[in-house]
Amino acid sequence: MDEKTVSVPENLPQELFARAEFHEEKLEDTGFSNYSYWRSTINTFFKSTTVKVVVALVLIMAAYTVIYPMVTERDPYTVSLSAREWNLPPSREHPFGTDGVGRDIWARVWFGTRTSLLLSVAVAVFEVGLGVVIGALWGFYRKLDTVMFAIYNTLTNVPSTIYLVLIAYIMKPSVVTIIIALVATGWIREARWFRSRILALREVDYNVASICLNTPTRRIIGRNVIPHLVSLIIMDAALTIPYSIGSEVFLSYIGVGLPADLCTLGNLVNQGRSAFLVYPFQMIFPTMILCFITVSFYIIGNKFADASDPKNHL
Amino acid sequence: MGRYLLSKLGQAVVTISLVMLVVFTLLRFMPTAGYFSKEQWKDMTEAEKTAYLRNMGVLDPLPLQLKNFVTNLFRGDLGRSIVLYPNSPIGGILAEKIPYSILLNMISWFISAAIGLPLGVAMARSKGGLADKLGTVYVVIIRAVPSIIIHFFIQVFFSKWLGLPMLFYIEQPISWILPTISMSIGSIAGYGVWLRRYIVDEENKDYIKFARVKGLPQKYIMWRHVFRNAIVPIAINIPSDFLLMLSGSLVIESMYSIPGTGGLLIKSIKAMDNPMVQVLVLMYGALSVLGVFLGDIVVSFVDPRIKLVDSND
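In this text, all values refer to a predicted model and were calculated from it rather than measured experimentally.

## Details of the overall build of chain A
Reasoning step 1: The helix and strand tally for chain A stands at 10 helices and 0 strands.
Reasoning step 2: Listed N to C, the secondary structure of chain A is α-α-α-α-α-α-α-α-α-α in terms of helices and strands.
Reasoning step 3: A principal-axis box enclosing the C-alpha atoms of chain A has dimensions of 95 × 55 × 40 Å.
Reasoning step 4: By the burial criterion, 36% of the 314 residues in chain A qualify as buried.

## Side note on the confidence of the model for chain A
Reasoning step 1: Across chain A, the average pLDDT comes to 84, with 94% of residues at 70 or higher.
Reasoning step 2: Of all secondary-structure elements in chain A, the lowest mean pLDDT belongs to helix H5 (residues 160–170) of chain A, at 82, while helix H2 (residues 49–71) of chain A reaches the highest, 92.

## What about helix H1 (residues 2–27) of chain B?
Reasoning step 1: In a regular helix each residue adds 1.5 Å, so 26 residues correspond to 38 Å; H1 of chain B covers 37 Å between its end C-alpha atoms and thus fits that length.
Reasoning step 2: Those residues of H1 of chain B lying buried are Ala12, Thr15, Ile16, Val19, Met20, Val23 and Leu27 of chain B.
Reasoning step 3: Those residues of H1 of chain B that are buried lie in contact with helix H4 (145–156) and H5 of chain A together with helix H15 (274–302) of chain B.

## Observations concerning the nonpolar core
For soluble globular proteins, the rule of thumb is that nonpolar side chains tend to be buried together.
Reasoning step 1: Counting residues in hydrophobic clusters, the biggest one holds 102 residues, and the most contacted among them are Val165 and Ala168 of chain A.
Reasoning step 2: Excluding residues within four positions of it along the chain, Val165 of chain A makes contact with Ile254 and Val256 of chain A together with Ile269 of chain B.

## Considerations on the environment of Phe242 of chain B
Residue and element names in this part refer to chain B.
Reasoning step 1: Structurally, the position occupied by Phe242 is in helix H12 (residues 238–248).
Reasoning step 2: Residues Phe242 and Leu5, spaced 237 residues apart in sequence, show a C-alpha to C-alpha distance of 20 Å.
Reasoning step 3: Those residues within four positions of Phe242 in sequence are excluded, and the remaining contacts are Trp109 and Gly291.

## Quick look at helix H8 (residues 177–203) of chain B
Reasoning step 1: Between the first and last C-alpha of H8 of chain B there are 37 Å, a value that for 27 residues agrees with the 39 Å anticipated at 1.5 Å per step.
Reasoning step 2: For H8 of chain B, a buried count of 19 out of 27 residues is recorded, marking the element as mostly surrounded by other parts of the structure.

## Some thoughts on the packing of helix H6 (residues 175–203) of chain A against helix H8 (residues 217–254) of chain A
Residues and elements named next belong to chain A.
Reasoning step 1: Running from N to C, H6 and H8 point in directions that differ by 155°, and their axes come no closer than 11 Å. With respect to H8, the axis of H6 lies roughly antiparallel. Regarding H6 and H8, the two cross each other, and that crossing is right-handed. The residues of H8 that touch H6, namely those facing Ile178, Leu182, Gly186, Glu190, Arg197 and Leu201, are Val225, His228, Leu229, Leu232, Asp236, Thr240, Ser244, Ser247, Glu248 and Leu251.
Reasoning step 2: Here the residues of the contact of H6 with H8 are counted per class, giving 7 nonpolar, 5 polar and 4 charged.

## Description of the interface of chain B and chain A
Reasoning step 1: Listed per partner, the contact involves 34 residues of chain B and 30 residues of chain A.
Reasoning step 2: For the side of chain B that touches chain A, the secondary structure elements donating two or more residues are H1, helix H6 (130–144), helix H7 (147–162), H12, helix H13 (250–255), helix H14 (261–271) and H15 of chain B.
Reasoning step 3: Examining the composition of the side of chain B that touches chain A, we find that 8 residues originate from one element, H1 of chain B, more than from any other.
Reasoning step 4: Residues belonging to the side of chain B that touches chain A are distributed by class as follows: 26 nonpolar, 6 polar and 2 charged.

Here is what the cut-offs are and how they apply
- Residues numbered from 1 in each chain as written.
- Chains lettered and ligands numbered in written order.
- Predicted model: local features only at pLDDT ≥ 70, side-chain atom pairs only at ≥ 80, totals over all residues.
- Helix = DSSP H or I, 4+ residues; strand = E, 2+ residues; numbered from the N terminus.
- Buried ≥ 20, exposed ≤ 12 C-beta atoms within 10 Å, placed from the backbone.
- pLDDT = per-residue confidence, 0-100.
- Expected span 1.5 Å × (residues − 1).
- Contact = placed C-beta atoms within 7 Å.
- Core = buried A, V, L, I, M, F, W, Y, C linked by C-beta atoms within 7 Å.
- Axes fitted to C-alpha atoms, helices over the stretch in contact; angles between N-to-C directions.
- Parallel < 35°, antiparallel > 145°, perpendicular 65-115°, else oblique.
- Left-handed = near helix turned anticlockwise from the far one by under 90°.
- Nonpolar A, V, L, I, M, F, W, Y, C, P; charged D, E, K, R; others polar.

This is the structure in structure tokens:
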């Protein structure tokens with residue numbers, strides 16, 4: 001290399017060239033940083049305005065769906081016998097109007113949101129939970145590979161809608177059936193995903209380095225492995241929710257969903273659909289709430305995935 | 001190459017047998033009411049029903065039933081529909097319906113590849129820019145909003161705005177437009193978002209940076225290196241996407257009253273026609289496994305590394 005290309009600034013202050021003093025207490029300072037994985041993740045996550053707004057709205061809505069059915073006196077199942085109460089447009093008394101038999105859509109939407117949220121949270125918990133446990137076993141015991149890959153191929157080569165429809169068709173329609181059908185078709189993907197994450201984490205350079213530096217295994221698992229997995233778990237659970245809600249709508253559309261007299265977002269959307277051309281509000285309101293939930297959880301899941309990646313931490 | 005294909009073929013055969021076993025076992029738990037037509041169910045006594053079921057072979061032990069089903073399958077006999085098309089051979093019903101599904105799926109597959117792949121390239125090129133942001137909004141909407149709602153609004157509003165027919169008529173090609181749009185919007189998003197991601201990943205690799213430093217033209221780098229590598233993981237899914245559209249169109253076929261196989265599955269489920277459900281589910285299973293196998297073949301043409309690995313053995 002040509003030496004002339006290295007330019008030296010001329011007026012550097014002299015004190016930069018002073019000899020550093022020896023401080024015994026600073027010997028241990030090397031490599032210390034006050035970096036905390038969770039603090040950085042949360043900070044990065046909430047840096048975006050979209051996330052702040054969406055999380056706030058989701059929390060308000062979740063609180064409302066829990067509180068409303070407890071305090072309201074309006075029964076979402078009460079049918080009105082007088083035709084004057086049927087198909088009313090939105091008004092002060094009925095903010096979302098009433099349906100074809102005079103039931104208040106506002107009440108039905110919030111009862112339905114509660115059912116759908118409970119259902120999808122249950123699916124997320126069981127699916128991701130099962131996936132983590134089986135994926136961890138699969139990752140640690142390589143002998144399971146043959147069996148697990150056979151199961152994996154059997155379950156994933158066929159579109160999950162087919163299994164979903166089949167299970168929902170065979171069993172009696174109920175909330176439990178839908179949960180079982182969704183978990184049964186979804187757990188294997190989670191397991192495969194966690195298996196590959198765990199395999200990769202075991203061999204990753206910083207863990208090999210930690211082992212060489214004689215870091216206790218407890219510390220490796222606690223600080224290097226678990227934080228990584230927990231953020232994956234949160235992200236996956238968040239992304240499972242819109243999928244479960246969508247599947248519930250799909251199953252009620254093809255007629256193997258929850259019983260038609262139960263309030264769920266799927267049932268409300270499908271019942272509103274048949275009256276859409278005459279009374280569009282009967283479908284629009286439930287659909288708005290439903291899309292709001294699915295889109296928010298999708299955004300939260302993806303933004304959290306970005307935030308949990310240390311490469312995006314500042 | 002030969003060994004690679006052979007192992008993939010073996011895998012496909014194993015998978016398809018397992019799928020058949022699982023589906024067949026699951027279907028034995030179906031309510032037996034699905035083996036009777038409405039009149040039979042009302043009029044028959046319990047003893048008659050049992051005799052009827054025994055005669056059909058439904059009460060036989062599972063392995064025997066499976067054996068009978070498979071031997072009949074090889075003879076080309078798929079069984080008979082009971083409720084939906086009383087006593088018609090299922091093979092004949094399918095032969096009538098499959099062409100409709102194939103026609104629409106072909107069209108929408110071409111549309112989604114023709115729009116989705118350029119979308120992915122455009123999004124990757126303008127990373128962080130306008131095209132990328134618009135594309136992301138599209139992808140979020142398609143992925144997060146349940147597809148039925150999107151299909152429904154397409155059917156209702158597009159037919160109103162564009163003056164297109166709301167239902168499908170084979171003799172009016174103009175009525176094919178809405179169903180094919182509905183069928184392709186999902187896979188457009190899929191192709192777009194994955195291709196974007198693979199291209200971005202590939203562009204960040206050292207050898208690309210090196211090629212750029214070396215002064216190779218951007219166009220050459222994009223086509224010779226980035227695109228060829230980024231397309232591999234997409235190519236593996238093309239055949240199964242193609243075949244899976246048959247099942248993705250379950251809802252769309254029933255919405256537009258397209259007389260294809262997807263709508264047929266929904267109708268058979270609603271009518272509780274067990275033999276129909278069984279054959280259709282197995283058909284979808286077989287098609288999907290076939291799709292995965294074809295994907296492995298396609299990838300061996302697109303990805304030269306597979307040939308190399310084999311010849312090194």
